[in-house]
Every structure is written in C-alpha cells, then in structure tokens.
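Examination of the molecular architecture
Spelled out from the first residue to the last, the chains are:
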Amino acid sequence: MSRPPELKLQQLQYLIAIADHGGLRPAAQMLGVSAAAVSKGLQELENTAGTRLLERQAQGLQLTAAGRNLLARARLIQGEVDQAVLELGAARAATRIRFTVGITPWVSLTLLAPTMLRFTAMRPDVNLRLLDVFGSDYAGLRDGSMDMAIGLAPPEQAGNELSARPLFSYEHTIACRRGHPRQQARHLEELAGQSWLLSHEITQYKPPLRDFFMTHYAAEPAADTPLRGQVHIYRSMHMMEMICNSDLLTVVPWPVIEASRERYPVEALTLKERLPASTTCYVTRKNTAANGCIGDFIEAMMQALSEESVRSRYVHPRVLRSLDIIRSK
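Residues numbered from 1 in each chain as written. Predicted model: local features only at pLDDT ≥ 70, side-chain atom pairs only at ≥ 80, totals over all residues. Heavy atoms only, no water.

1. Focus on the packing of helix 6 (residues 112–122) against helix 11 (residues 292–306)
Relative orientation of the contacting elements helix 6 and helix 11 amounts to 130 degrees, with a least axis distance of 8 Å. When the axes of helix 6 and helix 11 are compared, the pair comes out oblique. Here the hand of the crossing between helix 6 and helix 11 comes out right-handed. Between helix 6, through Leu112, Pro114, Thr115, Arg118, Phe119 and Met122, and helix 11, the contact on the second element is made entirely by Cys293, Asp296, Phe297, Glu299, Ala300, Met301, Gln303 and Ala304. In terms of residue class, the contact of helix 6 with helix 11 is made up of 9 nonpolar, 2 polar and 3 charged. (Axes fitted to C-alpha atoms, helices over the stretch in contact; angles between N-to-C directions. Helix = DSSP H or I, 4+ residues; strand = E, 2+ residues; numbered from the N terminus. Parallel < 35°, antiparallel > 145°, perpendicular 65-115°, else oblique. Left-handed = near helix turned anticlockwise from the far one by under 90°. Contact = heavy atoms within 4.5 Å. Nonpolar A, V, L, I, M, F, W, Y, C, P; charged D, E, K, R; others polar.)

2. Some words on the pattern of salt bridges
Applying the stated rule across the entire model yields 7 salt bridges. Between Arg123 and Asp125 there is a salt bridge whose closest N-O contact spans 3.0 Å. Between Glu161 and Arg142 there is a salt bridge; the shortest N-O distance is 3.3 Å. Note that Glu161 is positioned in the loop between strand 5 (148–152) and strand 6 (162–177) and Arg142 in helix 7 (residues 139–143), a separation of 19 residues in sequence. Overall, Glu161 belongs to the partly exposed group, its relative accessible area being 37%. One network of salt bridges, with partners in common, ties together Arg123, Asp125 and Asp296. (Salt bridge = Lys/Arg side-chain N within 4 Å of Asp/Glu carboxyl O. Buried < 20%, exposed > 50% of the residue type's maximum accessible area, 1.4 Å probe, protein only.)

3. Re the packing of helix 1 (residues 9–21) against helix 3 (residues 35–49)
Where helix 1 meets helix 3, the closest approach of the two axes is 9 Å, and the angle between their N-to-C directions is 110 degrees. Considered as vectors, helix 1 and helix 3 are oriented roughly perpendicular to each other. For the crossing formed where helix 1 meets helix 3, the hand is left-handed. Contacts between helix 1 and helix 3 involve Gln11, Leu12, Tyr14, Leu15 and Ile18 on the former and, on the latter, Ala37, Val38, Gly41, Leu42, Glu44 and Leu45. Partitioning the contact of helix 1 with helix 3 into residue classes produces 8 nonpolar, 2 polar and 1 charged.

4. Thoughts on helix 11
Given a rise of 1.5 Å per residue, 15 residues ought to cover 21 Å, and the 21 Å separating the end C-alpha atoms of helix 11 matches this to within 8%. A large share of helix 11 lies buried, amounting to 11 of its 15 residues. Buried within helix 11 are the following residues: Cys293, Ile294, Gly295, Asp296, Phe297, Ile298, Ala300, Met301, Met302, Ala304 and Leu305. (Expected span 1.5 Å × (residues − 1).)

5. Quick notes on the environment of Thr215
Along the chain, Thr215 turns up in helix 8 (residues 209–218). Look at Thr215 and you get exposed, because its relative accessible area is 57%. Separated by 23 residues in the primary sequence, Thr215 and Ala192 have C-alpha atoms spaced 9.4 Å apart.

6. Digging into empty space enclosed by the protein
Applying the stated criterion to the full structure yields 1 cavity of 30 Å³ or more. Space inside the largest cavity adds up to approximately 330 Å³. For the largest cavity, the lining is made up of 23 residues, of which Pro105, Trp106, Ser199, Pro253 and Val256 are closest to its centre. Listing elements by their share of the lining of the largest cavity, those giving two or more residues are helix 5 (105–110), strand 5, strand 6, helix 9 (239–244) and strand 9 (250–253). The residue makeup of the lining of the largest cavity, split by class, is 15 nonpolar, 8 polar and no charged. (1 Å grid on protein atoms, 1.4 Å probe; cavity = no way out; pocket = protein on both sides within 12 Å on 5 of 7 lines; lining within 4 Å. Points joined across faces, edges and corners; volume = space filled by probe spheres on them.)

7. Some words on the packing of aromatic side chains
Under the definition given, this model contains 11 aromatic pairs. Between the aromatic rings of Phe99 and Phe297, the centroid separation amounts to 6.3 Å while the plane-to-plane angle is 65 degrees, which identifies the pairing as edge-to-face. Placement of the pair is Phe99 in strand 3 (residues 97–103) and Phe297 in helix 11, with a sequence separation of 198 residues. An aromatic cluster is built from Trp196, Tyr205, Phe212, Phe213 and Tyr217, whose rings are joined through pairwise contacts. (Phe/Tyr/Trp six-rings, centres within 6.5 Å; stacked < 30°, edge-to-face > 60°.)

So this is what it looks like as structure tokens:
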C-alpha cells in the first residue's frame, strides 16, 4: 500500500503567497524569506503533487487547474491553522501565572512603579496582583492568598509560619500639616494630648514611641481627667491627605516625607528623641524558595534602586538617601 503524498504547511503557505502577490519575489518579501527558498519549496510541492501547479505566462506566474484546486484547500488548511493558533494563545493567557504581592504603602509611593516596569519586562508570563499591607500581621500569607509581602518583619511568634529576609532600613519621623500648632515641638512630651492618625496599633511601635503612646493614650482616663487627644487607626494610602487637612499627627517612614514634599504640605518634626529605625523585608511562608517570581520581583526592585535612569525618572534622590540598603542582588 503506497503512502499518500506528504504536503508541508510551509509549502502551502508559499503557494498562497504567490497567488496573492503574483510572483516569487513579492511572495518571499511578504513571508520574510529568500526568493530561492520560495522557489525550492514550490518545486518540492509540485514534486509531491506529481503535476505542475504554476505556469509562467506573459502576465507572470499563473495557477494551473491543479494549482487552483490545491490553493482552495490550502486556504482552508491555513484558516484552520490560524484559528488553532488563536485558541492556543487564549489557552496560554488563561493559564498565565498569577503572583500576589502585598506592599507596604510607603514602598507603593516610592519604589513600586519602577519595580513593576522591571518585573513585567522580565516576566511577561505573570499577572501581578498587588495589595496594601499594614503592620506585620500578613494574614494573606498564612491563608495562602498572598505569595509574598514587602513590609516589616513579622512578630517572633510567627517564626514557625513565616520567613523574613531584610532588604533595607529607614528611620521614622513624626509628621504634621504645615502650620500645625505643634510644628515647633522638640520633645515627644510636648505632643501629649494631641490626636493621632496611625497605620499600626500602638503596641507595634518600638520605644520611645510605644512608651509614649502607652503612657498617654492606652489607659482609660479617670472621670475627672480633662479631655485629651485620641489615637485613630487608618490603614490607607490616603493618610497623608488626612494629615494635610487636619491637626492630626502621624508617624511615618522618612521615605514617605521625602516622596510627599512636592505633593503634600507636610512637615517633619525635629525632635530631640531619636525615633526607632525599621527594616523592610520580603516576607514569605516558611521554607518558600527565593526563586521564580519571588526572586525576580526582588531583583527588579534592586535594579530599580541601583539604576540612575530609573532613579531620576521615578524615585526622588532624597528618597534613596533615606534608605540604607541591606541586601544587594
């Protein structure tokens, strides 16, 4: 039993291109190959068919009757192939990797844009899902809805569930609106009785802030105590807008002040007490390998910090000077 002739898709594409463009050279140009390759492919197709498919006439190459019959079939085959490619592309899009990252707000304000540009160029197969994270709870990491977080190290009791690796450290400052009655304060005690808008519970702060808040705001006041300020918690990117439009005080990382100077009329208080520094880490579930999307995201962030073109366009130099980079990748 003889085998049927083997038609190759590329040869059929050559036949379609010649029919559509009227010659070998224009067909080759359209396909991005040499005219010699098209001529050879057409000869192989005619050998397989066992008959001539094209004839050279005064007006150029013309299809024979067999060529016209094969062209009709070739167009059907090419149409099915094109449809298959579209369906495969849709299938790939439906199975793209989704990578969920929690970002502390000050990083979102300063480093996220250049990091995203780098990461998406490195990993076009990944769809990012970005969430705000505040404090060091990281419930999303624990329940599996988040793959990684950029923020404070988790508390020690979370050590059996989460792992944190340091990236950079920064200092805090107390901020207020420009013209605030306590803008010239030089000691924490001068701020007792003021109202605050914080992103963390007061127990999450380190001394001397924690001692100050615990002393003046944690206990219930006695009935005969004069009215005093309150501590409010607002976990939102819009905290600075609230500070600018009220007499509330807040505690923020220095990079936030540096990134906000041109946008918000905020001032950092010059206190005698030195406020504690914090370390930003990338936090994952315990025993999660630092490769794949996680490693690529961290590498993108470190590239954004190190490249001068990214700095000048996206990140104000003062923001970078307020960071002490711990980890270099």
